[in-house]
Amino acid sequence: MRHINRLNNFFKSIVTGNGDPIMTGSVRLKIVTNIVILCFILVIVRVGDLTLIQGHYNDPTGPQANIKTQEKLTTRADIVDRNGVLLATTLQSQSLYADPTLLDNKPYLAQQLAEILDIENPLDRLNKQGRFVWIKRGVTPDQQKQINDLGTPGLAFKTEPKRFYPHGNLLSHLVGYTSIDGEGLAGIELKYNDRLNNQNNALQLNVDVRVQYALTKALKNKQDAFSAKAAMGGIVDIRTGEVIAAASIPDFNPHAANIADNNQRFNRFASGVYEMGSTFKLFSTASYIEETGHPFSKTFDAREPLKEGRFTINDFHAEKRVLTLPEVFIHSSNIGSALMGRAIGNDNLQEFYTDLGLMNQIKTDFPAIGKPLTPKTWRDVNTLTASYGHGIAVTPLHVLQATAIIANGGIQTGLSFAKEAPDNNKILTRIISPSTAYKMQQLLRLNVLHGSGAQADVAGYMVGGKTGTSEKVTAQGYSKDKLLSSFIGVFPIDQPRYAILAILDEPQGTKDSYGFATGGWTAAPVVGDVVADMVRILGVPASGNDNNMVAGLDRYLKKEPSITPASF
């Protein structure tokens, strides 16, 4: 108690000055002065904090500006497949930045950052003028920990939205990818960029990720087996036009699209245009039947090469005999198809190909669709060569769309990638009669039973299809050593539901294929493998039997003496 009284007396003496007015005023003045000085120091410290330490946050070119531009990305919608499986989403990630003015020993720090972050020339960034520079955006948690362990003043992190693709390379060409700032640069991400940025609900695609995996796996297996330069393909629901799968190989990691080369980023199924060869016989034969009304018993003389001006048309595997219409198709006779083209006529074939969508760029909800290459001046010889897929180049999507029309009873629906695709692609238009469409189903099935498509067949399911093998154009002309081998399949052929296209670019013959690298050896097995997986994945019931569809034709092709061309 005695100590407290002494303390009270001490403070009292300071304030009152022990009755001395001069001392009292002096003490009070000192107290006020000290308080003012203290307040001034606090203001100076706060100003320094705002200008020197935090000032770069308010710099219009600093991290705050970057964060503000990123805020909308937190609401960029997810992308899901037809079953709701997540294909693309936005998550929060850490981005590393630096204040170069606070860094010491920059060369040593740059070496550490290069090792931790796997980046090149970080010293250039550390030496930049100003208070802010990005070092790396979207670092991993492990990288963040290693950076923090450095304990370096002047390095800091900001939380930013980052696009993630759970399936990696599998859908890189279809879903696409975004920029570091979350703007769509390719695929669905580009086509639906505004929609994804301005609506929170997920964008649902028509693709089935399970079927996409089956297609990609089968293409890669055969690409490896035949040492092909590239591979591509797609699957379409014939009745709706929905694209169920689409693959382009090589593919790339969408999380690092900036380091993928042009070959990896090139979308072959949408942007590449190719002379498809004999797959086009599906379209020219349909045109012939529709235009002329001739029956299957119609014959074509394929004993000699066909001359047209200075051009000569030959068969790859020449039968050198008179062929019926089905035989022209299953033996893939260029001569027979050219004779059909001549009977159809220039204008009619061009008009038919236009109706199938083969002459113009496809209008659908996907970006960068390739434009077909067609003769500038269409002459008689162009009609002959176009009937077997030479002299006209289209994308794989064109082939799928045209095949879907024929297999859908002749009705066009248009292709679509997303469930909410514009309705203008869903206008139903009849291109060929149901009768012609059914005859083409028969021919497609016969080609698998007796022609080059045998390796696409799957026991218990009726697969139909047509092979194609075209020589690629080089600076020296058509090259016999550089082939584009393909197979377009339809199943179940008795009740068509899916069109499947497989293409191998520059496959090489193997011992197992007896040196052949044609569509029947390379691409047809891809479709067979995909069908085998699809029936299991989608629960497709077994097909009917061939007796109801091609019995008479089948027996004729087996050379039964009681069956003649007049029978069908």
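Everything quoted here is computed from the prediction, not taken from an experiment. (Residues numbered from 1 in each chain as written. Predicted model: local features only at pLDDT ≥ 70, side-chain atom pairs only at ≥ 80, totals over all residues. Heavy atoms only, no water.)

**Student:** Now, about the pattern of salt bridges: what can you tell me, with residues and values included?
**Tutor:** Using the criterion set out here, one finds 24 salt bridges in the structure. The residue E471 makes a salt bridge to K480 at a minimum N-O spacing of 3.6 Å. Note on K480: relative accessible area 66%, which makes it exposed. Through salt bridges with shared partners, one network takes in R76, R163 and E189. (Salt bridge = Lys/Arg side-chain N within 4 Å of Asp/Glu carboxyl O. Buried < 20%, exposed > 50% of the residue type's maximum accessible area, 1.4 Å probe, protein only.)

**Student:** How would you sum up the environment of N382? Please name residues and give values.
**Tutor:** As for its placement among the helices and strands, N382 is situated in helix 16 (residues 380-386). Under the relative-accessibility criterion, N382 is labelled buried at 16%. Beyond its immediate sequence surroundings of up to four residues, N382 is in contact with P375 and T377. At 2.7 Å, the side chain of N382 forms a polar contact with the backbone nitrogen of R379. (Helix = DSSP H or I, 4+ residues; strand = E, 2+ residues; numbered from the N terminus. Contact = heavy atoms within 4.5 Å. Polar contact = N/O pair within 3.5 Å; in protein donor to acceptor, adjacent residues only side chain to side chain.)

**Student:** Run through helix 10 (residues 209-225), naming residues and quoting values.
**Tutor:** Taking 1.5 Å of rise per residue, 17 residues should cover 24 Å, and helix 10 covers 24 Å from first to last C-alpha, within 8% of that figure. Among the residues making up helix 10, those that are buried are V209, V211, Q212, A214, L215, T216, A218, L219, K222 and Q223. After helix 10 finishes, the residue S227 shows a positive phi value of roughly 50 degrees. (Expected span 1.5 Å × (residues − 1).)

**Student:** Please set out empty space enclosed by the protein residue by residue, giving values where relevant.
**Tutor:** Counting across every chain of the model gives 4 cavities of 30 Å³ or more. Its boundaries defined by the atoms lining it, the largest cavity holds a volume of some 50 Å³. Lining the largest cavity we find V236, I238, G241, Q401, A404, I405, I411, Q412, T413, G414 and L415. Taken together, the elements giving at least two residues each to the lining of the largest cavity come down to helix 17 (396-407) and strand 16 (411-412). For the lining of the largest cavity, the residue count by class is 6 nonpolar, 5 polar and no charged. (1 Å grid on protein atoms, 1.4 Å probe; cavity = no way out; pocket = protein on both sides within 12 Å on 5 of 7 lines; lining within 4 Å. Points joined across faces, edges and corners; volume = space filled by probe spheres on them. Nonpolar A, V, L, I, M, F, W, Y, C, P; charged D, E, K, R; others polar.)

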